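Chain by chain, the residues run as shown.
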Amino acid sequence: MITSSVLVLLGIGFISAVILAVASKLLYVYEDPRIAQVESVLAGANCGGCGYPGCAGAAQGVVEGKAGANVCVIGGDEVAAKVADIMGLEFASTEKQTAFVDCTGGVRAEETYEYHGVADCRAQHMLYGGNKMCPEGCLGYGTCVTACQFGAIEIGPDGYPVVDPNLCTACGGCAQVCPRGVITIRGMTARITHLNELTDCLAPCRQRCPGQINIPRYIEQVSRGDYAGALETIRERIPMPLSIGRVCPHPCEGVCRRGHVDEPVGINMIKRFAADWEMNSGTRLPISCAPETGRKVAVVGGGPAGLSCAFFLRRLGHSPTIFESMPELGGQLRYGIPEYRLPNAVLDWEIEGILNLGIEVRHEHNFGTDFTLKTLEEEGFEAVFLGVGAWMNMNLRIDNENAKGVETGTEFLTKVGLGVDTGIGKKVVVIGGGNTAIDTSRSSVRLGAHVTLMYRRTRNEMPAHIEEIVGSEEEGVNYLFLSAPKRIITDDDGHVTHVEYIKMELGEPDASGRRRPVPIEGSETLIECDTVYTAIGQKPELSCLYDGSGTCTLEETRWRTLGAHPDTLQTALPHVFTGGDMHTGPALVITALGEGRKAARSIHQLLTEGRIHYSSQLQRELIPYTMFTDVPDVGYRRRSELPHQIECDERKCTFKEIEGPLGLADVKHETCRCLRCGLTCYNRDLTEGQECLAEDCVKNP
Ligand code: FAD
């Protein structure tokens, strides 16, 4: 009995074993052992930043060829190299990404009502749309904080998220849960190539700056003593903070909300302070560049536009070569703007820093004669940036304009910049009312001349910067307003002896909005002189675009500038881009620098992706609802002034720099005056008894 039971059991066992053996053969699923190997080297956080459900999923993705070696967003290069090793893939270093919070609101943003619902950003957003005046800003309920597995985000003292870049792994968890898109994951390339969009948190100053610099951010960094961070912020938009800190007429300050309370924040002085700090430290801050792509780009013209384009192309990994017709780089910064405003030593230091990134330069190479678009292509340049400025002078169209002793202001300033004999006389008449006229006048004074500036309208209509007009008056330049030249009178040798001019009166406004000067018949008068400098405007010299047969494949606008798409700066030839004065006509250094970056961005996208993209939400004009002038609850604080390094009498005989930098106490004071504006919010913390971000800020009501 027992024997038969045992036999039955053995039989059942045998049949089960056979069934299992057959089933395991039939149902067996092979798992590639490399999945386990790859998973074992991943960071193991299961954060989902890679887009796969956990690390096992990511490993499977790699083995199936759906993901690359750098699938793990938090593992960095070390993990990517190990994955590549296991899989036999090529390893390429990836750029460090980090979460970036671009909302400066906080307790300062006006609250419209209080919530009584769940304290979750998404729920609040869906139910109420947000409780702040700002339609774009952070809601402040901290869902991003709970979403971060790495403890990299906390709610800061203003009630808004603050990211610790050292802890941030760029997994993207925070960005995914943010309903307002306030947090983005960005690396250097993405930050450099970003153009202002309407949904960005754009304070008025940021909207107005042609260079799109994140002004509130760098001011906040300077206020904390983080000068290196401030320069990094500035250099994501422009490569020349030293020069801009000296010569920019700071249009940003014209829309500064603080200006509706007392006076605008001295934005440009703060920038200059940070830039001077680096130069005076004697050590250059490192500037990060993406890995080399080996793609060759020709940059024609080494002025601000060309330098900016080359700088950003290099930072994006490409290999730019600058072709410059003059012996030195800098364009009008060197051959127009005189040294008493921008010393050559400062400019040289700044340009050296740009070239140190690995940019080749070919000096004294003239586009149109020494090389052409065709020869550049033959040399292997895949794209070309044209930024040759606006160096052709407008004519007065009066008799004897070409007499001896008559020259253009820019020709004279270029000679001063080159350090060659200008041939200037003792009695100089300068004709014009813009910056070139003022620079010509003040430089002439420094060379010992008695100078009269002739302008056909009044002081109020002069296009020159007011600081420059005041400076010229202090230095003894005489003004002859409401006067226009009629003819040049010469001696027997053909040398100028007088200018005959006619008196004007102001009539109706013209297209520029300024009142039109109208001649007063019979008011002709003579002024004695031995030198005349004309400075009535410039335009780009486009003859370099024409080939021997007189054909130009690029589009010339009716303002005689080079035509291009306003957002991409691509010309009629897809691989040719432009920017700066050549594209805009005579403008500002900051505009040229901004266009250089924009063009570099387009070239980068064309080379790496085959097409250029831009958002339909680009910010081009000031955003009307952010331009309110009612800025209540802000205490009065006086604006700091840039100190003069030399007295007025000394100024008249030297090209030494006039303005010095702000001192530390003044710069802290000035950063405290910044209201840390966002789209609609601003900081009211500046009333008595409330703290400024800089701990030892000098309050100076
Ligand atoms: P540019 O600075 O003109 O540079 C063009 C470069 O191209 C030059 O280096 C030139 O040598 C080179 N080039 C020209 N032709 C060729 C060719 N065929 N082949 C190769 N290279 C070539 N702006 C301000 O913001 N603040 C100021 O205070 C101010 N003051 C100014 C004072 C003066 C006297 C002048 C003339 C301008 C001033 N500007 C000022 C305007 C400002 O300088 C320009 O807007 C800015 O320099 C434009 O930069 P860019 O690179 O487009 O052109």
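Residues numbered from 1 in each chain as written. Predicted model: local features only at pLDDT ≥ 70, side-chain atom pairs only at ≥ 80, totals over all residues. Heavy atoms only, no water.

Chemist: When you look at the pattern of salt bridges in this model, what are you seeing that I'm missing?
Modeler: Pairing is possible between side chains that carry opposite charge, provided their charged atoms lie close to one another. Within the structure shown, the criterion is met by 40 salt bridges. Between Arg341 and Asp439 there is a salt bridge, with the nearest N and O atoms lying 2.7 Å from each other. Taken together, the residues span a long stretch of sequence, with Arg341 in the loop between α15 (332-335) and α16 (344-355) and Asp439 in helix α19 (residues 435-446) at a distance of 98 residues. Accessibility expressed as a relative area gives 4% for Asp439, which makes it buried. Notably, a salt bridge pairs Glu360 with Arg362, separated by 3.3 Å at the nearest N-O pair. A single network of salt bridges, built from pairs that share partners, joins Arg341, Asp439, Arg442, Arg446, Glu468, Glu474, Glu475 and Arg651. (Salt bridge = Lys/Arg side-chain N within 4 Å of Asp/Glu carboxyl O. Helix = DSSP H or I, 4+ residues; strand = E, 2+ residues; numbered from the N terminus. Buried < 20%, exposed > 50% of the residue type's maximum accessible area, 1.4 Å probe, protein only.)

Chemist: Where do I start with the sheet that holds strand β11 (residues 427-431) in this structure?
Modeler: In space, the five strands of this open sheet follow the order β10-β18-β11-β12-β13, with parallel pairing throughout. At either margin of the open sheet sits one strand with a lone partner, and together these are β10 (406-408) and β13 (478-480). Across the sheet, the mean angle separating the axes of adjacent strands is 25° when strand polarity is ignored. By the bridge criterion, five bridges tie β11 to strand β12 (residues 450-454) in an arrangement that is parallel. Within the sheet, the bridge partner assigned to Val430 lies in β12 and is Leu453. Contacting β10 and β18 (531-534), helix α18 (residues 409-418) crosses the sheet at an angle of about 80° to β10. (Pairing = 2+ DSSP bridges. Axes fitted to C-alpha atoms, helices over the stretch in contact; angles between N-to-C directions. Contact = heavy atoms within 4.5 Å.)

Chemist: Any chance you could explain the UniProt feature "binding site: [4Fe-4S] cluster 3" (unreviewed entry) in the protein chain here in plain terms?
Modeler: Following the UniProt record, one finds the feature "binding site: [4Fe-4S] cluster 3" (unreviewed entry) at Cys148, Cys168, Cys171 and Cys174. With the annotated positions falling across 27 residues, the maximum pairwise C-alpha distance of 10.2 Å places them together in a single cluster. Positionally, Cys148 belongs in the loop between α6 (143-147) and β2 (153-155). Taking relative accessible area as the criterion, Cys148 reaches 15% and is therefore assigned buried. Position of Cys168 among the secondary structure elements: in the loop between β3 (161-163) and α7 (173-177). Using a relative accessible area of 10% as the deciding quantity, one classes Cys168 as buried. (UniProt positions renumbered as here; feature names shortened; annotations may be inferred.)

Chemist: What's the story with the site of the ligand in this structure? I'm lost.
Modeler: Near the ligand, the surroundings consist of 34 residues, among which Glu324, Arg341, Phe367, Trp391 and Asp581 are the closest. With respect to the ligand, the backbone of Val247 contributes an N or O atom lying 2.9 Å from a nitrogen atom. For the ligand, an oxygen atom lies 2.9 Å from a polar atom in the backbone of Gln332. Considering the ligand on its own, with 990 Å² of exposed area, one finds that the protein chains cover 95% of that surface. (Near = heavy atom within 4 Å. Polar contact = N/O pair within 3.5 Å; in protein donor to acceptor, adjacent residues only side chain to side chain. Areas by Shrake-Rupley, 256 points an atom, 1.4 Å probe, with all protein chains shown as cover.)

Chemist: Whenever I open this one, the environment of Asp630 confuses me. Can you help?
Modeler: Within the secondary structure layout, Asp630 lies in the loop between α22 (589-609) and α23 (648-651). Of the residues examined, Asp630 reaches a relative accessible area of 58% and is grouped as exposed. Along the chain, Asp630 and Ala403 lie 227 residues apart, while their C-alpha atoms are 56 Å from each other.

Chemist: Sorry, what's going on with the UniProt feature "transmembrane region" (unreviewed entry) in the protein chain here?
Modeler: UniProt's feature table lists "transmembrane region" (unreviewed entry) at residues 7-30, given in the numbering used throughout. Helix makes up 88% of residues 7-30 and strand makes up 0%, while its end C-alpha atoms are separated by 36 Å.

Chemist: Honestly, the domain arrangement of the protein chain in this entry has me stumped. Any pointers?
Modeler: Accessible area lost on assembly of the parts is the figure often given for the size of an interface. Structurally, the protein chain comprises domain 1 (33-94) and domain 2 (393-537). For domain 1 versus domain 2, the distance between C-alpha centres works out to 69 Å. (Domains from an automatic or database assignment.)

Chemist: Is there a simple way to explain the sheet that holds strand β6 (residues 319-323) in this structure?
Modeler: Strand pairing within a sheet occurs via backbone hydrogen bonds; the two strands may be parallel or antiparallel. Across the sheet, which stays open at both edges, the five strands sit in the order β7-β6-β5-β8-β20 with parallel pairing between neighbours. Of all strands in the sheet, those with a lone pairing partner are β7 (360-362) and β20 (576-578), marking the two edges. On average, each strand axis in the sheet is tilted by 20° relative to the strand beside it, whichever way the strands run. Pairing between strand β5 (residues 296-300) and strand β8 (residues 383-386): four bridges, direction parallel. Counted as the bridge partner of Val299 is Phe385 from β8. Here helix α14 (residues 304-315) sits on the sheet in contact with β5, β6 and β8, set at roughly 165° to β6.

Chemist: Explain the packing of aromatic side chains here, please?
Modeler: By convention here, two paired aromatic rings are described through the distance between centres and the angle between planes. According to the stated counting rule, one finds 10 aromatic pairs in the structure shown. Both rings, one in Phe323 and one in Phe381, keep their centres 5.7 Å apart while their planes meet at 75°; by these two values the pair is edge-to-face. Pair noted here: Phe323 is in strand β6 and Phe381 is in the loop between α17 (373-378) and β8, with a separation of 58 residues, a long-range link. A relative accessible area of 2% places Phe323 in the buried class. (Phe/Tyr/Trp six-rings, centres within 6.5 Å; stacked < 30°, edge-to-face > 60°.)

Chemist: Would you explain the packing of helix α2 (residues 33-41) against helix α4 (residues 76-87) in this entry?
Modeler: Two quantities define a packed helix pair, namely the angle between the axes and the distance from one axis to the other. Contact geometry of α2 with α4 gives a least axis separation of 9 Å together with a crossing angle of 165°. With respect to α4, the element α2 is oriented roughly antiparallel. The handedness of the crossing between α2 and α4 comes out as right-handed. Where α2 approaches α4, its residues Arg34, Gln37, Val38 and Val41 are matched on the opposing element by Val79, Lys82, Val83, Ile86 and Met87. Of the residues contributing to the contact of α2 with α4, the split by class is six nonpolar, one polar and two charged. (Parallel < 35°, antiparallel > 145°, perpendicular 65-115°, else oblique. Left-handed = near helix turned anticlockwise from the far one by under 90°. Nonpolar A, V, L, I, M, F, W, Y, C, P; charged D, E, K, R; others polar.)

Chemist: How should I be thinking about unusual backbone geometry in this particular structure?
Modeler: With the exception of glycine, the majority of residues adopt a negative phi angle, and the majority of peptide bonds are in the trans configuration. Phi is positive for Gln212, which is not a glycine, with a value near 55°. Examined against the element boundaries, Gln212 turns out to sit in the loop between α9 (204-208) and α10 (215-223). A relative accessible area of 14% means that Gln212 is categorised as buried. If you check the backbone angles, His250 has positive phi at about 40° while not being a glycine. Among the secondary structure elements, His250 is positioned in the loop between α12 (241-247) and α13 (267-281).

Chemist: Quick question: what am I supposed to make of α13 here?
Modeler: An α-helix turns once per 3.6 residues; consequently, residues spaced three or four apart project the same way. Taking 1.5 Å as the rise per residue, α13 with 15 residues should run 21 Å; its terminal C-alpha atoms sit 22 Å apart, in good agreement. Extensive coverage of α13 is indicated by the burial of 12 of its 15 residues. With its phi angle positive at about 80°, Gly282 sits one or two positions after the end of α13. (Expected span 1.5 Å × (residues − 1).)

Chemist: It is not clear to me how the pairing of β18 should be interpreted in this structure. Could you clarify?
Modeler: Where a strand is regular, its side chains alternate between the two sheet faces. Side chains Thr531 and Tyr533 of β18 all project onto a buried face; the interleaved residues Val532 and Thr534 project onto the opposite face, where all are buried too. Strand direction decides the pairing type here: β10 and β18, joined by three bridges, are parallel. Residue pairing in the sheet places Val406 in a bridge with Val532 of β18. In the sheet, β11 pairs with β18 via four bridges, with the strands oriented parallel. Opposite Val429, over in β18, you have Val532 as the bridge partner.

Chemist: Sorry if this is basic, but what is going on with the nonpolar core here?
Modeler: Proteins that are soluble and globular tend to have nonpolar side chains buried together. Counting 74 residues, the largest nonpolar core has Ile215, Tyr218 and Ile603 as its most contacted members. Top element by residues in this core is α22. It accounts for eight residues. If near-sequence neighbours (up to four positions away) are discounted, Ile215 is found in contact with Cys205, Arg206, Cys209, Cys252 and Ile267. (Core = buried A, V, L, I, M, F, W, Y, C linked by side-chain atoms within 4.5 Å.)

Chemist: Help me out: how do you make sense of empty space enclosed by the protein in this one?
Modeler: A water-sized probe, rolled over the atoms, reveals where empty space remains. As enumerated under the stated definition, the model contains seven cavities of 30 Å³ or more in all. Roughly 110 Å³ of internal volume is contained in the largest cavity. Every residue lining the largest cavity is counted, 16 residues in all, and those nearest its centre are Cys47, Cys50, Cys55, Ala58 and Cys72. Here the lining of the largest cavity is built from residues that sort into 12 nonpolar, four polar and no charged. (1 Å grid on protein atoms, 1.4 Å probe; cavity = no way out; pocket = protein on both sides within 12 Å on 5 of 7 lines; lining within 4 Å. Points joined across faces, edges and corners; volume = space filled by probe spheres on them.)

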